[in-house]
Structures are given as C-alpha cells and as structure tokens.
Amino acid sequence: MCKIEKKVERKREMGGILKGESRGGVDKQLKGSKMKLWMIRATTSVLLWTCIVQLTAISDTWGPRVLNVWPPCFNRETDAASSLVHDTLPSIPQRVLPPKRVYKNNGYLMVSCNGGLNQMRAAICDMVAIARYLNVTLIVPELDKSSFWADPSEFKDIFDVEHFITSLRDEVRILKELPPRLKRRVELGRVYSMPPISWSDISYYHNQILPLIQKYKVVLLNRTDSRLANNGQPLEIQKLRCRVNFSALRFTSQIEELGKRVIRLLRKNGPFLVLHLRYEMDMLAFSGCTQGCNEEEVEELTRMRYAYPWWKEKIINSDLKRKDGLCPLTPEETALTLRALDIDPSMQIYIAAGEIYGGERRMASLATAYPNLVRKETLLGASDLRFFQNHSSQMAALDYLVSLESDIFVPTYDGNMAKVVEGHRRFLGFKKTVLLDRRLLVDLIDQYTNGSLSWDEFSAAVKESHSDRMGGPVNRLVIPDRPKEEDYFYSNPEECLQIPSVDLLSIENVGVVAVAVLEDLEDERLGEAEVEVGKEGVGIVLIIGA
C-alpha cells in the first residue's frame, strides 16, 4: 500500500510539473501571438496613413473629405476657421499634359549650340523643328561654354527643362540624356559629329542628315546658329518654331521671379523704356567700330579682335562701316536720337546691356539728357545677383524679360537679342519697338553736328523717317539666295502673328483706311475719324474724306 501511494504521489508531482511546463509554453505562445498582432496593427496603421497622405497630395477632391472626418485631436480648428482657410487659399489647377506623339524613332539627335543666349535660343527652336520633321529623339541641347563670354551655365540653369520636355511631347520625344549604351559610346568618342550647312531648307535635313542618323544611330550637330532657312518652309515647321520660342522655352523660376521683381520696381515709377545699348567691349572689337574712342581704346579693341581667331574680319575701316549703318550707335548718338524722337526726358530708361565701354565718360551725354537711367545692378542688391555673376546668359535672360514688358524697346544694333525680342514683342501684340535706321541716322547726326541742319530740321527728319519703323505689322523681306540680307524669321514670325482684317463693306467716301495699334497713334492731325477697338487692343481707323 505504501508503495502504491508513493507512486500515486509521484505521478501527481510529475503531472504538476508537466502542467506547469505546458502552461509556460502556452504563455510564450500567447506572448508571440500578441507581438504578431501588434506588428500587424502597426503595419496596417502605417499603410493607412501613407495612403491618406498620398490621396491628400494628389487629389483636390479627396483631401478635404478625408481631413474633415478626422477626429478633433487631429483637426483642432473649428469648422468656421477651416472653411475660412479653404475659401482664402487659391485653388491651383492641375497641369494637363499634351498626349505623347507616337512615332517610329529614326535615331537620336544631339545638339551643341554656339553663341550668346538669344543666338542659342533661336537655334534650339530650329533644332526642335528639325527633330520633329525627321522623327528622331532630341537630346536636351548643350549650351556654349567656350565662346567669348565663357558662361558655364547648363540648359537647366537657364530654362525650365521639365516644361521644355513635357510641353513638346505631342510633337517630339526629348530626353535629358542618351540611353546608357549609346551614352557610353559617345563618351568614348565614337559619335558622328558635323556642322550643318547654314540657312538650309528642311529638305536638306531629310536628304542629308536623316540617312546619317539612321546609319550611326546618333549624330551630333556641333554648330546650330542660322542653320534653318527663314522662308520657304512648311507652315507646320514655322509654327512649331514659334511654339518653342514663345511657349516651350520658359526660363527657370529663379530667373522668372527676379525678372518680375525688376519689372514691379520699374512700374512703381511709371512707364519705362528699355534701351538695348550694344556698346560693350566685345561688340566694338568684333565690329571694328571705334567712333568716339581715343587712341588707347582703339589699340585695345584691335588687339582683342586679333586675339580671337574665329573673328575672321581683322582689318576694318571704322568710318566707312559706320556710314554704311553697320556700327552700333554710340551713347552720344543714342542721346541725340531719343531726344529727336521726343522721348520724355523724365522717362525711366533701363539699360539692357553689359558694361558700357568707356564707362561714365561715354555715358555722360545720355545721362544728362535722361537722368533716370537704371540698370538691374542699381535696382537690385548684390545679394540678389550673386548667383548670376559670371553667368552672362542668365543676366541676359533677366534683360530679355524686362525688354518684353517695357512700354518702348529701342535697340541700338540689330544683333541677336534685338531681333528675337523684336519678334517676341510683335507676337505679344505689336508692342512699340523703335527700329532705328542707323545708316540714315548717322548721316543726319553728322549734318546736325556740322551745322548743316538745325535742331528742328534734324528732329523732324528723324521722326518722319521712323514713323513706319515702330514694330507694327509688315511683311518679312525675302531676298532669294541672300539669306543674310533678308529679314530674320525670329524678328518677324509673320506666320504666327494675328493681324486684324478690315471689313470694307458698307463704307462710303473712305479716302484712307489705316490699321494700327491704338497706343501708337499719336498724330493729332488725323482729323475726323471713327475708331473701333478690337479684342486685341487693335484699332481700325477710318479717315473720312480724301
């Protein structure tokens, strides 16, 4: 009996031990299950929060609804306060991208631009049109870094590259860089490179350049200035050039904002005139124009001209070139011209240019006649321009924006900026742009300075000769086989301009019918006239009686 009882007790003890072990195992299992459940809940919460944030960020519709149903601890503001915030915040419409154009890609076109900002700007417009016509993929153009200005700026430093790519996606595919395999081939120097022929018709690119792209897969065009003809191109090509220039080539937000700030500062003091005074050292050395310079300055400019081998013309007769109207007006000649045109002496004049050669000595007469001379450097602080220093193209972009918005634009030389701004102002509604006849002006100025003309005679002659040179609607001059002498496409892109038509029905006894921008009508001798104002601010003036 004793042995039996002892066995029973041992079994009970063993059972107790086993039960204790099993309970410990159950406890561990329970703890593991709780840990898994907590992890699941935490992961689910993170996922839900992520979804809410994403929906709020991408949807104007879902965001407010989700926020409104959150508990008060997350939305502490009252309903009235939150509704006030929603009412005051401007709604930002979502950008609608054009649909991608689908086409068989014939290869890749690389572009290396040359020259200053506006020379490169026009070239980019041409290259986009060429890439579209050839059905190739365009790589974002490379800007000139080896010219006189030595500006290290990349495309993305001046233009909004994302806008450039997406806004043209319905016309041509544009990539920031080549696909890896082709990119490595280019880096190893295995790329076909060539300069296209200047002023070429679009058929030249189809017959000569496209076969090269199809053969080598990648072609680099290493000079792009004036490589597409002004005239004789399909209307679709001309309109695409305009679309790139006036819409796709948008400056970076930093440049745009600073440009708007300069314009606001100028507008605070009334109307302003932008004077593109092309009288910098590089311009004078290149052109060989030395009117008003002393002997030391003439020698300095001559040395500079010989220092740059790509400036091919070395021996230049400055006086002869000036009489032919091929020199920029000097600051002194400019002052006389503005006075003769009756430009108000109190008007603000913004100098859109680099450093004027000769400094204050050469600017003295202009500053005396027009004391309200300003520059971006005088309107803005040094801290505002610190990122633009030694970046001439970015500084030129600021001047470009201000030039577009000015009440009057006066270029003293028909360089690339003068031409491109002229065309852009035509596109914006034929804004007043004084196109100076330099050949006539220097002759009139010489007659006035030697006493052959009185001031009244001089002023009358200047005004009469420029009455039809104010940037109004005109046909582009076409000179077959002499593209350098005809009107530049970008100075007058007439295929893209809206010129009002005149309805002659039911008009009786009409002696003269004139179409002009109303703001340019300053002649009080018009007599009795009927004026109708169109939607674009364009007036139709009917002068009754001959």
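Computed from a predicted model, the values in this text were never measured in an experiment.

A. Highlighting helix 10 (residues 253-267). Taking 1.5 Å of rise per residue, the 15 residues of helix 10 would be expected to cover 21 Å, and the 21 Å separating its terminal C-alpha atoms lies within 8% of that figure. For helix 10, the complete set of buried residues consists of I255, E256, L258, G259, V262, I263 and L266.

B. How the structure looks around the state of the cysteines. Enumeration over the complete set of coordinates arrives at two disulfides. Put simply, C289 and C327 are joined by a disulfide, and their sulfur atoms are 1.9 Å apart. For the disulfide bridge between C289 and C327, the dihedral angle about the S-S bond is near -85 degrees, and by the sign convention the bridge is left-handed. Of the two residues, C289 sits in the loop between helix 11 (281-287) and helix 12 (295-307) while C327 sits in the loop between helix 13 (318-323) and helix 14 (331-340), which places them 38 residues apart along the sequence. Unpaired in this structure, C113 has its nearest cysteine sulfur neighbour in C125, at a distance of 9.9 Å. Among the cysteines around C293, which has no disulfide bond, C289 carries the closest sulfur, lying 9.4 Å off. For C293, a relative accessible area of 14% translates into the label buried.

C. Structural context of helix 15 (residues 359-369). Those residues of helix 15 not exposed but buried are R362, M363, L366 and A369. For helix 15, the arc enclosing every buried residue in end-on projection is 100 degrees, short of the 170-degree limit, so these residues lie on one face. The exposed residues of helix 15 that point more than 90 degrees off its buried face are E360 and T368. Elements that come into contact with the buried residues of helix 15 comprise strand 6 (272-276), helix 14, strand 7 (348-351) and strand 8 (373-374).

D. Geometry of a negative patch on the surface. Judged by side-chain charge, E295, E296, E299 and E300 come together as a negatively charged surface patch. Counting through the fold element by element, E296 comes out in helix 12. Under the relative-accessibility criterion, E296 is labelled exposed at 65%.

E. Expanded view of the pattern of salt bridges. For the structure shown, the criterion picks out 28 salt bridges. A salt bridge links E154 to K145, with the nearest nitrogen and oxygen atoms 3.4 Å apart. Take K145: its relative accessible area is 31%, and that puts it in the partly exposed class. Among the charged side chains, a network of salt bridges with common partners joins R132, D170, E171 and R243.

F. Representation of the packing of aromatic side chains within the structure. All chains considered together, the criterion is met by 14 aromatic pairs. Where F159 meets F251, the ring centres are 5.6 Å apart and the plane angle is 15 degrees; that geometry is what we call stacked. Taken together, the residues span a long stretch of sequence, with F159 in the loop between helix 5 (155-158) and helix 6 (161-167) and F251 in the loop between helix 9 (235-248) and helix 10 at a distance of 92 residues. F251 matches F159 in its accessibility class, with the two residues each being buried. Seen from their ring centres, F251 and Y400 are 5.9 Å apart, and the 80 degrees between their planes marks the pair as edge-to-face. Placement of F251 in the loop between helix 9 and helix 10 and of Y400 in helix 18 (residues 392-405) is noted, with a sequence separation of 149 residues between them. Between R339 and the ring centre of W455, over which it is positioned, the NZ or CZ distance is 4.3 Å.

G. Region of the structure containing the confidence of the model for the protein. Mean pLDDT over the protein works out to 82, with 75% of the residues at or above the 70 mark. Low pLDDT, under 50, characterises residues 56-89; the stretch is placed with 13 contacts to residues that sit more than four places away or in other chains.

H. Local environment of the nonpolar core. Counting residues in hydrophobic clusters, the biggest one holds 76 residues, and the most contacted among them are I124, V128, F155, F164, L168, V244 and F251. No other element matches the eleven residues that helix 4 (residues 117-134) contributes to this core. Excluding residues within four positions of it along the chain, V128 makes contact with L138, F164, L168, V172, L240 and V244.

Conventions adopted
Residues numbered from 1 in each chain as written. Predicted model: local features only at pLDDT ≥ 70, side-chain atom pairs only at ≥ 80, totals over all residues. Heavy atoms only, no water. Helix = DSSP H or I, 4+ residues; strand = E, 2+ residues; numbered from the N terminus. Expected span 1.5 Å × (residues − 1). Buried < 20%, exposed > 50% of the residue type's maximum accessible area, 1.4 Å probe, protein only. Disulfide = S-S within 2.5 Å. Arc of directions from axis to C-beta. Contact = heavy atoms within 4.5 Å. Patch = residues over 30% accessible without salt bridge, like charges linked within 9 Å, V, L, I, M, F, W, Y side chains within 5 Å. Areas by Shrake-Rupley, 256 points an atom, 1.4 Å probe, with all protein chains shown as cover. Salt bridge = Lys/Arg side-chain N within 4 Å of Asp/Glu carboxyl O. Lys, Arg positive; Asp, Glu negative; His and termini not counted. Charge placed at Lys NZ, Arg CZ, Asp CG, Glu CD. Phe/Tyr/Trp six-rings, centres within 6.5 Å; stacked < 30°, edge-to-face > 60°. Lys NZ or Arg CZ within 6 Å of the ring centre and 35° of its normal. pLDDT = per-residue confidence, 0-100. Core = buried A, V, L, I, M, F, W, Y, C linked by side-chain atoms within 4.5 Å.

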